[in-house]
2 protein chains.
Amino acid sequence: MLELNAALTGSADYLFCRIDEAVADYRAAHPLARLISLGIGDITQPLAPVAAAALRTAAAEMASPAGVRGYGPAGGYPFLQTALAHQYEGLSCPVLPDEITVTAGSKDALGGLFALFSPAVPVWVCDPVYPAYRDCALAAGHRVHTLPCRAENGFLPCPEEITEPGLIVLCTPNNPTGAVMTRAELQRWVDRALAGGSLLLVDTAYAAFVTDNSLPRSIYAVPEAHRCAIELGSFSKSDGFTGLRCGWVVVPEACGCAGAWRRWLGSHSNGISYPVQRAAEAALSPTGLRQRGRALGVYRRNAERMLDFFTRRSVPCTGGENAPYLWVRCPDGGDSWGWFRRLLEECGVICAPGAGFGAMGEGWLRFTAFGKNAATAEALRRMDRLF
Amino acid sequence: MLELNAALTGSADYLFCRIDEAVADYRAAHPLARLISLGIGDITQPLAPVAAAALRTAAAEMASPAGVRGYGPAGGYPFLQTALAHQYEGLSCPVLPDEITVTAGSKDALGGLFALFSPAVPVWVCDPVYPAYRDCALAAGHRVHTLPCRAENGFLPCPEEITEPGLIVLCTPNNPTGAVMTRAELQRWVDRALAGGSLLLVDTAYAAFVTDNSLPRSIYAVPEAHRCAIELGSFSKSDGFTGLRCGWVVVPEACGCAGAWRRWLGSHSNGISYPVQRAAEAALSPTGLRQRGRALGVYRRNAERMLDFFTRRSVPCTGGENAPYLWVRCPDGGDSWGWFRRLLEECGVICAPGAGFGAMGEGWLRFTAFGKNAATAEALRRMDRLF
């Protein structure tokens, strides 16, 4: 037998698979239980009508002799790159269309981004962290260092803890904590990266949840960020694309790895599904942005309600403002898998145990705002006596 | 600046990018030239109506409150895994639905497959070879050994040349040579892999072009292949999916890396676009298979015509039967980039120079059968005086 990649052997499982298994076991034992999931961050609102219409039009086009669409550009169609560049322009964060690569989503792009660097380059991730960053970095052969994010610091990592240049993964608004970095905080990270020769990899998958206009929606709101930052974006949560699969990555020419990225793409990708790119383009149209607002409204209402629920009970928590996640302290100093099970068994509510996001997540639970309004309200009623 | 992956730096470019650049230069200088591409293997026939209809239905479903589709299973939807397993059953090559992972296409799956193994494991590729195998293996940190494929051996690699266990990449029907392995030849490879502790990675992207029923369409036609072979399949060429992006990979439980593959998928993928999977399911339906036959008929007619053209002129060539590629010797012992330019400049015909596929490809040209019938016939007329 050939020697396997050591990072892919052993027993550790992807957090959400473990949650799925626990839920499946519970369901098997309690087939009539009506469970409510506030666990995985998946959408519950339908795809915007304008995106669905674009999908249908593209399908008809591809089936017509004059509309044949073969391999698309590895980096994405110019129509979508341009629409995304226009969105960045609206944020006063100029990015060139050519610097934008259309991807099948952030998770799908991570393998390629980590492969750009020698395995000798360490990867810095927050703790707690979205597990895919860590797992993909390890699978690509990198050492992984962690940046502890503590309650006393608003769950934000500290640039001063970077002791070795590397690829630094940030996520704002944050998954799992819901913490959002201010412009000043992002500036500190850019300064640190430029001074120390590090690169930032910034995931902005939840930027559409930012309503406070003083908060940045992109790392490129910081001058000089183009020289030291790659940014990931996604249509998944803002536009209900979790099942459609589309996102993007910005690799600025000035950041030093754009050539390697083009080379990686050339050999590893034949581009993203044409109808999906048309749907994404439609999502960014004026009609699309109006329709996006409706779905976001549903999720924001959930976030507000949950935040109100926990703050009125004086349960320590963060997130829920400008972010679709709430990060909530387990009552009574309990452990997170214990409380995950208790909420599952006593309330039929599925959350994500903080320990699954890293050692610093122990004692915390993640709740998502992506449920339906009625179900989320019902989940809060069921949890009333436990918090 | 962080140290880049050495395999992604330097000046070597992806073959098809180099071809595109040469063609763009020529077009700029000769804006009125009517070029015919027999170069890149991209489809010219439209998507099957039944696949387009499935795309449209899925789009409407996703936009309805009852039809919300969020994250799909990382390995693909059971409906498509089952349809693919059924296709394997029809080939008398039983594969379990769970062993099939739906991908965005073969090229898109290579990064993950090479990442399953320690960089200490060498990768064996043919020469000539589809460049993405080699480039993806190098990007994942593997050493790459080559298996020379010579005219005197029908352009087939020899199992006896494997001097060190590793991951052995085979492609049948072959890209670029159009050579097809018999069952006996595949058997030799399975025997060699089992005896030496190697694994086979078999790309069957062109299996739909096999019309001779004595030729295997899958490595699993060989008993025991489940213990030593991973197989890649694709809807790209058979069903006009180059722009839609869908393929699959079979990782049998018995081959020893299914667990690592699941682990890789869990952290790197959120599955493939739902409407695309529905389109692929439709392509495998009885109606889909009938419609597939029409497009394949167009491409087969081209292959026959080209084969007839070269054989009547006694130009040494292979492929064109049971395969959509013809591998043709350059006249007068010329070099392949030279003849690529000559055909471009004197005939307005784009082919792929053999040297781009490896050192053993020097002196040969690849022609694809994926053009339109009339354009292919016209290309042959234009080349008449040169061959």
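Higher on the page you've got the structure.
Structure report, in brief. (Residues numbered from 1 in each chain as written. Chains lettered and ligands numbered in written order. Predicted model: local features only at pLDDT ≥ 70, side-chain atom pairs only at ≥ 80, totals over all residues. Heavy atoms only, no water.)

## Regarding the nonpolar core
One finds Phe 367 and Phe 387 of chain A together with Phe 367 and Phe 387 of chain B to be the most contacted residues of the largest nonpolar core, which totals 268 residues. If we skip the residues at most four places from it in the chain, Phe 387 of chain B touches Phe 309, Phe 310, Arg 313, Val 315, Val 328, Arg 329, Pro 331, Leu 343, Leu 365 and Phe 367 of chain B. Formed by 11 residues, the second largest nonpolar core is a distinct cluster that contains Tyr 206, Phe 209, Tyr 299 and Phe 370 of chain A. (Core = buried A, V, L, I, M, F, W, Y, C linked by side-chain atoms within 4.5 Å. Buried < 20%, exposed > 50% of the residue type's maximum accessible area, 1.4 Å probe, protein only. Contact = heavy atoms within 4.5 Å.)

## Thoughts on the interface of chain A and chain B
Bring the parts together and some accessible area is lost; that lost area is often taken as the interface size. If you look at the interface, chain A gives 74 residues, while chain B gives 75 residues. Carbon and sulfur atoms supply 61% of the area that chain A and chain B bury against each other, a total of about 5,800 Å² over both sides. For the pair chain A and chain B, the number of links is 25 residue pairs in polar contact (both at pLDDT 80 or more). Contributions of two or more residues to the side of chain A that touches chain B are made by helix H2 (49–62), helix H4 (106–115), helix H5 (131–139), helix H7 (258–268) and helix H8 (274–283) of chain A. Class assignment for the residues of the side of chain A that touches chain B results in 41 nonpolar, 23 polar and 10 charged. (Buried area = accessible area lost by both parts, 1.4 Å probe. Polar contact = N/O pair within 3.5 Å; in protein donor to acceptor, adjacent residues only side chain to side chain. Helix = DSSP H or I, 4+ residues; strand = E, 2+ residues; numbered from the N terminus. Nonpolar A, V, L, I, M, F, W, Y, C, P; charged D, E, K, R; others polar.)

## Considerations on the sheet that holds strand S7 (residues 229–234) of chain A
All names here are of chain A. Judged by pairing direction, the sheet is mixed, and its 7 strands sit side by side in the order S2-S8-S7-S6-S5-S3-S4 without closing on themselves. The open sheet has two edge strands with one neighbour each: strand S2 (100–103) and strand S4 (144–148). For this sheet, the mean inter-axis angle between neighbouring strands, taken without regard to orientation, is 25°. Judged from the 4 bridges that link them, S7 and strand S8 (residues 247–250) form a sheet pairing that is antiparallel. (Pairing = 2+ DSSP bridges. Axes fitted to C-alpha atoms, helices over the stretch in contact; angles between N-to-C directions.)

## With respect to the packing of aromatic side chains
Summed over the entire model, instances satisfying the criterion amount to 48 aromatic pairs over all chains. Measuring from centroid to centroid gives 6.3 Å for Phe 309 of chain B and Phe 387 of chain B, while their planes differ by 75°, and the two rings are edge-to-face. With a gap of 78 residues between them, Phe 309 of chain B in helix H9 (residues 286–312) and Phe 387 of chain B in the segment after helix H11 (373–383) connect regions that are remote in the sequence. The class of Phe 309 of chain B is buried, set by a relative accessible area of 6%. An aromatic cluster of three or more residues is present, and its members are Phe 16, Phe 155, Trp 327, Phe 357 and Trp 364 of chain A. Lying over the aromatic face of Phe 79 of chain A, Arg 278 of chain A brings its terminal NZ or CZ to 3.7 Å of the ring centre. Positioned over the ring face of Phe 309 of chain A is Arg 313 of chain A, at 3.8 Å from the centre of the ring. (Phe/Tyr/Trp six-rings, centres within 6.5 Å; stacked < 30°, edge-to-face > 60°. Lys NZ or Arg CZ within 6 Å of the ring centre and 35° of its normal.)

## Comments concerning the sheet that holds strand S13 (residues 364–368) of chain A
Residue and element names in this part refer to chain A. Strand order in the open sheet made by the 4 strands is S9-S10-S13-S12, with antiparallel pairing throughout. Each of the sheet's edge strands pairs with one partner strand only, and the pair in question is strand S9 (317–319) and strand S12 (352–353). Summarising the sheet, S9 and strand S10 (residues 325–329) pair through 3 bridges and their orientation is antiparallel. Pairing of Thr 318 across the sheet is with Trp 327, part of S10. On the sheet, helix H10 (residues 336–347) packs against S12 and S13 and is oriented at approximately 45° with respect to S13.

## Considerations on the pattern of salt bridges
For the structure shown, the criterion picks out 30 salt bridges over all chains. With a shortest N-O distance of 3.0 Å, Glu 160 of chain A and Arg 188 of chain A are connected by a salt bridge. You can see Glu 160 of chain A sitting in the loop between S4 and strand S5 (167–171) and its partner Arg 188 of chain A sitting in helix H6 (residues 183–196), a full 28 residues away along the chain. Look at Arg 188 of chain A and you get partly exposed, because its relative accessible area is 39%. Here Glu 164 of chain B ties to Arg 143 of chain B by a salt bridge, and the two come within 3.1 Å at their closest N and O atoms. Note that Glu 164 of chain B is positioned in the loop between strand S4 (144–148) and strand S5 (167–171) and Arg 143 of chain B in the loop between helix H5 (131–139) and S4, a separation of 21 residues in sequence. The exposure class of Arg 143 of chain B is partly exposed, given its relative accessible area of 38%. (Salt bridge = Lys/Arg side-chain N within 4 Å of Asp/Glu carboxyl O.)

## Notes on the side chain of Ser 236 of chain B
Residues and elements named next belong to chain B. Here Ser 236 is to be found in the loop between strand S7 (229–234) and strand S8 (247–250). By relative accessible area, Ser 236 is classed as buried at 4%. In this structure Ser 236 touches Ile 43, Phe 241, Thr 242, Arg 245 and Cys 246, once residues within four positions along its chain are discounted.

## Re the environment of Trp 364 of chain B
The topology assignment puts Trp 364 of chain B in strand S13 (residues 364–368). Spatially, the C-alpha atom of Trp 364 of chain B lies 6.7 Å from that of Pro 353 of chain B, the residues being 11 residues apart in sequence.

## Notes on the pairing of S5 of chain B
All names here are of chain B. Of all 5 residues in S5, 5 are buried; the element is thus mostly enclosed. Where strand S3 (residues 123–127) meets S5, 2 bridges bridge the pair, whose relative direction is parallel. Within the sheet, the bridge partner assigned to Val 123 lies in S5 and is Leu 167. In the sheet, S5 pairs with strand S6 (residues 199–203) via 5 bridges, with the strands oriented parallel.

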